[in-house]
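Results of the structural survey
The residues making up each chain are set out below.
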Amino acid sequence: MEKLFSSLEDEGSFLVVENKEGAINVMTIGWAQVGIVWGRRIMSVFIRPSRYTHSLIERAEYFSVCVPPKGKMRRELSFCGSRSARDLNKVKECGFVLENGCRKGIKFIKGSALVYECRIVSRSRIFKEETDKGIKRDYYPGNDYHSVYYGEIINIKEGNP
Ligand SMILES: Cc1cc2nc3c(=O)[nH]c(=O)nc-3n(C[C@H](O)[C@H](O)[C@H](O)COP(=O)(O)O)c2cc1C
């Protein structure tokens, strides 16, 4: 868990999504929550509707969160956190090798230090009218309120899988 938290606090981790039509994208994330909900181990990720990834995850059953080795893949984190798959193929541009996870529909980045493979069990939204004024001012000036995806952690791979 420490590796996940320190990567999120630092330059981020990779979210890998494959939708039901087989389209795949990698996006950098800095926000995620891990905890017990519904008696299950859950990883929640927060995705703004403006992201191309949002359109994919809306039609996905799974996602993976790939934590890079400490201090590595900085260029790729910055690239996948600033460029959109609407304009280019980030997997190709970054030279990522994607491996198959434990279920069809899960892909992860080869060489990650840690991989969380997750099955989406619920979705929700951050509602403007329920959100603190300061948070609205600081994080949502464009009204791009996050969608939240709750993934049951079904497999964890450690050590440069
Ligand atoms: C360090 C870092 C963390 C980020 N975290 C998130 C996040 O948690 N949720 C989100 O919606 N966007 C986040 N972003 C922004 C997206 O990664 C960025 O908009 C990306 O280009 C979207 O790609 P896409 O259009 O191909 O989906 C983050 C960017 C960086 C650099």
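All right, on to the nonpolar core then. Residues Leu15, Val16, Phe63 and Cys66 are the most contacted members of the largest nonpolar core, which totals 31 residues. Broken down by element, this core gets its largest block of residues, five residues, from strand S5 (residues 62-67). Once you skip the residues sitting within four places of it in the chain, Phe63 turns out to touch Leu15, Val16, Val17, Val45, Ile57, Cys118, Ile120, Tyr149 and Gly151.

What follows concerns the site of the ligand. Neighbouring residues of the ligand: 20 residues in total, closest Gly30, Tyr52, Thr53, Gly81 and Ser84. Broken down by secondary-structure element, the contributors of at least two residues to the shell around the ligand are strand S2 (24-29), strand S4 (40-47) and helix H2 (52-57). Sort the elements by how many residues they give to the shell around the ligand and S2 lands first, with four residues. Class assignment for the residues of the shell around the ligand results in seven nonpolar, eight polar and five charged.

Among the six residues of strand S1 (residues 13-18), six are classified as buried, and the element is accordingly described as predominantly covered. With burial as the criterion, each face of S1 is covered, one bearing Ser13, Leu15 and Val17 and the other bearing Phe14, Val16 and Glu18. Strand direction decides the pairing type here: S1 and S2, joined by six bridges, are antiparallel. When the bridges of S2 are listed, Val17 appears paired with Asn25. Linking S1 to S2, which pair antiparallel, is a turn of five residues; within it Gly22 sits at a positive phi near 90°. Pairing of S1 with S5, which is carried by four bridges, proceeds in the antiparallel orientation. Note that in S5 the partner of Leu15 across the bridge is Val65.

Rules used throughout
Residues numbered from 1 in each chain as written. Predicted model: local features only at pLDDT ≥ 70, side-chain atom pairs only at ≥ 80, totals over all residues. Core = buried A, V, L, I, M, F, W, Y, C linked by C-beta atoms within 7 Å. Buried ≥ 20, exposed ≤ 12 C-beta atoms within 10 Å, placed from the backbone. Helix = DSSP H or I, 4+ residues; strand = E, 2+ residues; numbered from the N terminus. Contact = placed C-beta atoms within 7 Å. Near = placed C-beta within 6 Å. Nonpolar A, V, L, I, M, F, W, Y, C, P; charged D, E, K, R; others polar. Pairing = 2+ DSSP bridges.

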